[in-house]
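Here's the letter readout for the chains.
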Amino acid sequence: MWVLAIDTATDSVVTGVARLSPDESGAPEVVAERVVSDGRRHAEVLTTLIAEVLSESGVARADLAAVVVGCGPGPFTGLRVGMATGAAFADALGLPAHGVCSLDAVAGQELMDGAGDGSVLVVTDARRREVYWARYVDGRRVSGPEVVAPARLVDDLASTHIDLVAGSPAHAELFGRAVGTATVPSVAGLVAAASDDLRTGTHPEPLVPLYLRRPDAKEAKGRRLAAGQNTEVTR
């Protein structure tokens, strides 16, 4: 089956087309992929990139069997671009939209590259001097996703056996373990994360974003209101 994959949970816009065989042991075959690292232009470039990968792959929209969307965790503004676009695209074509954890896609790529056996930690930049993280053992998520300060996570996992750290390179290096090559969710990783449901034809649940904290804009508004109240009191 042909699958369109989309992820905007990181600073990179990721989209592409992959073919998934009915063989349970077969990895997705990516035939077209685009990765654009520009966290401020998610909404501007995503639709164009989708058109490009469909054209490059030679796969018509009518040939697609499903859409896979990374649901985070990720910053509010960027994450909702990919989820809204993926949901609208699937709805327009009458396709199922399968949501997956974006961290699972990073771990899945490492597993397909042959470096993901054992214990793998995935960390991505959550901004505000924090990271999103999850830990995997033999490809299965055993903890997370959560958001925390990097220094605290380093301390919390100091005695935990970890063979490889993938994701944001700057943060992965903090743990003193081997660093993987997967830095953002890939098309193959996204489709692999949804492969069981895709192969069995499982009806997907509604897409639910993994924000893990309140949006920046909402908190900023709350701070302005609080500041205004404090000003009134001092008058």
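Worth saying up front: this structure is predicted, and the values here are computed from it rather than measured.

Calculation criteria
Residues numbered from 1 in each chain as written. Predicted model: local features only at pLDDT ≥ 70, side-chain atom pairs only at ≥ 80, totals over all residues. Heavy atoms only, no water. Helix = DSSP H or I, 4+ residues; strand = E, 2+ residues; numbered from the N terminus. Buried < 20%, exposed > 50% of the residue type's maximum accessible area, 1.4 Å probe, protein only. Polar contact = N/O pair within 3.5 Å; in protein donor to acceptor, adjacent residues only side chain to side chain. Expected span 1.5 Å × (residues − 1). Contact = heavy atoms within 4.5 Å. Axes fitted to C-alpha atoms, helices over the stretch in contact; angles between N-to-C directions. Parallel < 35°, antiparallel > 145°, perpendicular 65-115°, else oblique. Left-handed = near helix turned anticlockwise from the far one by under 90°. Nonpolar A, V, L, I, M, F, W, Y, C, P; charged D, E, K, R; others polar. Phe/Tyr/Trp six-rings, centres within 6.5 Å; stacked < 30°, edge-to-face > 60°. pLDDT = per-residue confidence, 0-100. Pairing = 2+ DSSP bridges.

J.: Please provide a residue-by-residue account of the environment of Ser168, values included.
T.: Looking at the secondary structure, you find Ser168 in the loop between strand E9 (164-167) and helix H5 (169-172). Using a relative accessible area of 14% as the deciding quantity, one classes Ser168 as buried. Distance in space between the C-alpha atoms of Ser168 and Val179 is 9.7 Å, their sequence separation being 11 residues. At 2.8 Å, the side chain of Ser168 forms a polar contact with the side chain of His171.

J.: Can you explain helix H2 (residues 76-93)? Please cite residues and give values.
T.: Compared with the 26 Å implied by 1.5 Å per residue over 18 residues, the 26 Å span of H2 between its first and last C-alpha is a close match. All of the buried residues along H2 are Gly78, Leu79, Val81, Gly82, Met83, Gly86, Phe89 and Ala90. Buried positions along H2 lie against strand E1 (2-7), helix H1 (42-57), strand E4 (64-70) and strand E5 (97-100). Positive phi appears at Gly94, one or two residues downstream of H2, with a value of about 70°.

J.: Give a detailed account of the packing of H1 against H2, specifying residues and quantitative values.
T.: Contact geometry of H1 with H2 gives a least axis separation of 10 Å together with a crossing angle of 40°. Our classification of the angle between H1 and H2 gives oblique. The chirality of how H1 crosses H2 is right-handed. Residues His42, Ala43, Leu46, Ile50 and Leu54 of H1 lie in contact with H2, whose contacting residues are Gly78, Val81, Gly82, Thr85 and Phe89. Grouping the amino acids of the contact of H1 with H2 by side-chain chemistry returns 6 nonpolar, 4 polar and no charged.

J.: Tell me about the packing of aromatic side chains, and please be specific about residues and values.
T.: Summed over the entire model, instances satisfying the criterion amount to 1 aromatic pair. Aromatic side chains Phe76 and Tyr211 sit 4.9 Å apart centroid to centroid with 45° between the ring planes, which places their arrangement in the tilted category. Highlighted residues: Phe76 in helix H2 and Tyr211 in the loop between helix H7 (195-200) and helix H8 (216-234), separated in sequence by 135 residues.

J.: Lay out helix H3 (residues 102-112) in plain terms, naming residues and giving numbers.
T.: Burial runs high along H3: 8 of the 11 residues are buried. The set of residues buried in H3 consists of Ser102, Leu103, Ala105, Val106, Ala107, Gly108, Gln109 and Glu110. Two residues or fewer past H3, Gly114 is found with a positive phi of approximately 90°.

J.: Describe the confidence of the model for the protein, naming the residues involved and giving the relevant values.
T.: In the predicted model, the protein carries a mean pLDDT of 90, and the fraction of residues at 70 or more is 90%. Note on residues 217-235: pLDDT is under 50 here. Beyond four places in sequence and across chains, it has 2 contacts.

J.: Which residues make up the environment of Ser12, and what values do they have?
T.: For Ser12, the location among the structural elements is in strand E2 (residues 12-19). Take Ser12: its relative accessible area is 5%, and that puts it in the buried class. Each C-alpha atom of the pair Ser12 and Thr183 lies 9.7 Å from the other, and the pair is 171 residues apart in sequence. With residues up to four places along the chain from it excluded, the contact list for Ser12 reads Asp7, Val35, Val36, Ser37, His42 and Val184. A polar atom in the side chain of Ser12 sits 3.0 Å from the side chain of Ser37.

J.: Describe the sheet that holds E2, and please don't skip the residues or the numbers.
T.: One open sheet holds the 5 strands; their spatial order is E3-E2-E1-E4-E5, and the pairing between them is mixed. Every interior strand has two partners, whereas the edge strands, strand E3 (29-37) and E5, have only one. Averaged over all neighbouring strand pairs, the angle between strand axes comes to 15°, with direction disregarded. Sheet topology places E4 next to E5; 4 bridges connect them, and they run parallel. In the sheet register, Gly70 faces E5, and the bridge partner there is Val100. Strands in contact with H1 are E1, E2, E3 and E4; relative to E2, the strand with the most contacts, it is inclined by about 20°.

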